[in-house]
Amino acid sequence: MSKNIVLLKGDGIGPEIVDSAVKVLEEIAKKFGQEFNFIERLVGGIAYDNEGAPISDETLEVCKNSDAIILGAVGGPKWDSDEVDPKKRPEQGLLKLRKELDLYANLRPATIYAALKDDSPLKDRIVEKGIDLIIVRELVGGIYFGERKTYEEDGIRTAYDIEKYNENEIKRIAKYAFKTAMRRRKKLTLVDKANVLDSSKLWRKVIGEIAKYFAEVEVNYMYVDNCSMQLIANPSQFDVILTNNIFGDILSDETSMITGSLGMQPSASIGVSRVNMYEPIHGSAPDIAGKDLANPIGTILSAAMMLEYSFDMKKEAETIRNAVEKVLDNNLRTKDISSGKDFVKCSEITEAIIEIIRK
Ligand code: NAD
């Protein structure tokens, strides 16, 4: 059955990297007899310039009625000036999209490729044990969305932000994380601060209740300060890390760094409706935009996540991942992962990936 995929290329390198992912998907469609129908809409600065808002209501409607969304990146210096209304800045388009689609689960896998192990800042003996984990981060609740206030108390400047979750918000992300663990090595680590925070204690309680329905999954509990250390000392121990919005935000940047490069990392944001969004973790890289220098692999791997998570096309997703690995084994590198040695262009590495899929 044909799948309708909205392409939100966005700004900077967005169009180049999304075009690469589309070419790869077209090759996959040919090879496996699938049909992908691509619908292009604007988001970010380019949407502001052309439609007066970083995402139009019409685009939101098209997204809501699609089967999945692939996003490039938004933003750039052009829209940083005070002349642009803060409510219409490029990133507001992204936030609106997440909110409107209630994309509550942010998944960030972190894998280290054998060919790129020298790019990891970790010691060889740690990297050699392998890194293959996924962070499942709650994306639309917690302290980033809680009540906040800045005020004066007895003449002293004071501020607070509230971390608040109810059991339903925890349950839905927990179920998602357990299901993810079932598809992987069946190990789940809940990362929290339950020695101090009431909200973390509730997370532990609810996760314990949900765990009864997933008896095959081994559950561990870890304080966030310990986890940030364990990710450096012994990352191979992790399979699925489940955590709240703020801890997930911080830990996922740490994991992207230990695997080597920003340009390689994909992500998925899963919602309550069937429409999910897939995007690389990096920004619009205005410094290299339009030069055919971007690394498209993070976006291509995001497309692979879409095939697996939204369309249950596991073979197709695996074919993309294997092709990426092969290209790296063949020593093809974009500039960001070349360590100053010879490098190929965005279009060239895309062609090389397609060539391997075609064989
Ligand atoms: P960035 O991720 O765009 O770039 C950081 C550095 O990494 C740059 O040197 C860039 O050239 C390089 N880089 C990033 N992706 C790359 C790729 N695929 N291939 C090769 N090199 C790559 O972060 P920034 O410079 O802090 O932000 C630039 C703009 O992107 C800002 O306007 C920011 O707000 C926006 N941004 C958007 C998103 C998003 O759309 N999800 C995320 C982060 C930042």
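Residues numbered from 1 in each chain as written. Predicted model: local features only at pLDDT ≥ 70, side-chain atom pairs only at ≥ 80, totals over all residues. Heavy atoms only, no water.

### Considering the pattern of salt bridges
Basically, it comes down to this: What counts as a salt bridge is simple: a side-chain nitrogen of Lys or Arg found within 4 Å of a carboxyl oxygen of Asp or Glu. Put simply, DSSP marks the helices as runs of H or I at least four residues long and the strands as runs of E at least two long, and each gets a number from the N terminus on. Throughout this description, buried means an accessible area under 20% of the type-specific maximum (1.4 Å probe, protein chains only), exposed means over 50%, and partly exposed covers the range between.
Going through the model one piece at a time under the given rule, you end up with 27 salt bridges. In this structure, glutamate 318 and arginine 321 form a salt bridge, with 3.2 Å as the shortest nitrogen-oxygen distance. Of this pair, glutamate 318 and arginine 321 both sit in helix H11 (residues 314-329), 3 residues apart, which is roughly one turn of the helix. Given the relative accessible area of 38%, glutamate 318 is considered partly exposed. By relative accessible area, which is 22% here, arginine 321 ends up partly exposed. Of the charged contacts in the structure, one is a salt bridge between arginine 358 and glutamate 355, with a shortest N-O distance of 2.8 Å. Here arginine 358 and its partner glutamate 355 are both found in helix H12 (residues 346-358), 3 residues apart, which amounts to about one turn of the helix. Given the relative accessible area of 45%, arginine 358 is considered partly exposed. Overlapping salt bridges bring together Glu27, Lys30, Glu355 and Arg358 as one network.

### Describing the environment of serine 310
As a reminder of what qualifies: In protein, a polar contact means a hydrogen-donor-capable atom and an acceptor-capable atom, both N or O and within 3.5 Å, with residues adjacent in sequence counting only if both atoms are side-chain atoms; elsewhere, any N or O pair within 3.5 Å suffices.
Mapping serine 310 onto the fold places it in the loop between helix H10 (297-309) and H11. What makes serine 310 partly exposed here is its relative accessible area of 23%. Distance from serine 310 to asparagine 276, taken between C-alpha atoms, is 7.0 Å for residues 34 residues apart in sequence. One polar contact links serine 310 to tyrosine 278, side chain to side chain, over a distance of 2.6 Å.

### Some words on the UniProt feature "binding site: substrate" (unreviewed entry) in the protein
What counts is decided by this rule: UniProt positions are given in the numbering used here, feature names are shortened, and annotations may be inferred rather than shown by experiment. Should any heavy atoms of two residues lie within 4.5 Å, those residues are considered in contact.
This chain's UniProt record puts "binding site: substrate" (unreviewed entry) on Arg98, Arg108, Arg137 and Asp225. With a sequence span of 128 residues, these residues are also far apart in the fold, their greatest C-alpha distance being 28.2 Å. Along the polypeptide, arginine 98 turns up in helix H4 (residues 90-100). Of the residues examined, arginine 98 reaches a relative accessible area of 22% and is grouped as partly exposed. Setting aside its immediate chain neighbours within four residues, arginine 98 contacts Leu103, Leu139, Val140, Met277 and Glu279. Leaving out residues up to four positions away in the same chain, arginine 108 has contacts with Leu133, Ile134, Ile135, Ser252, Asp253, Pro266, Ser267 and Ile281.

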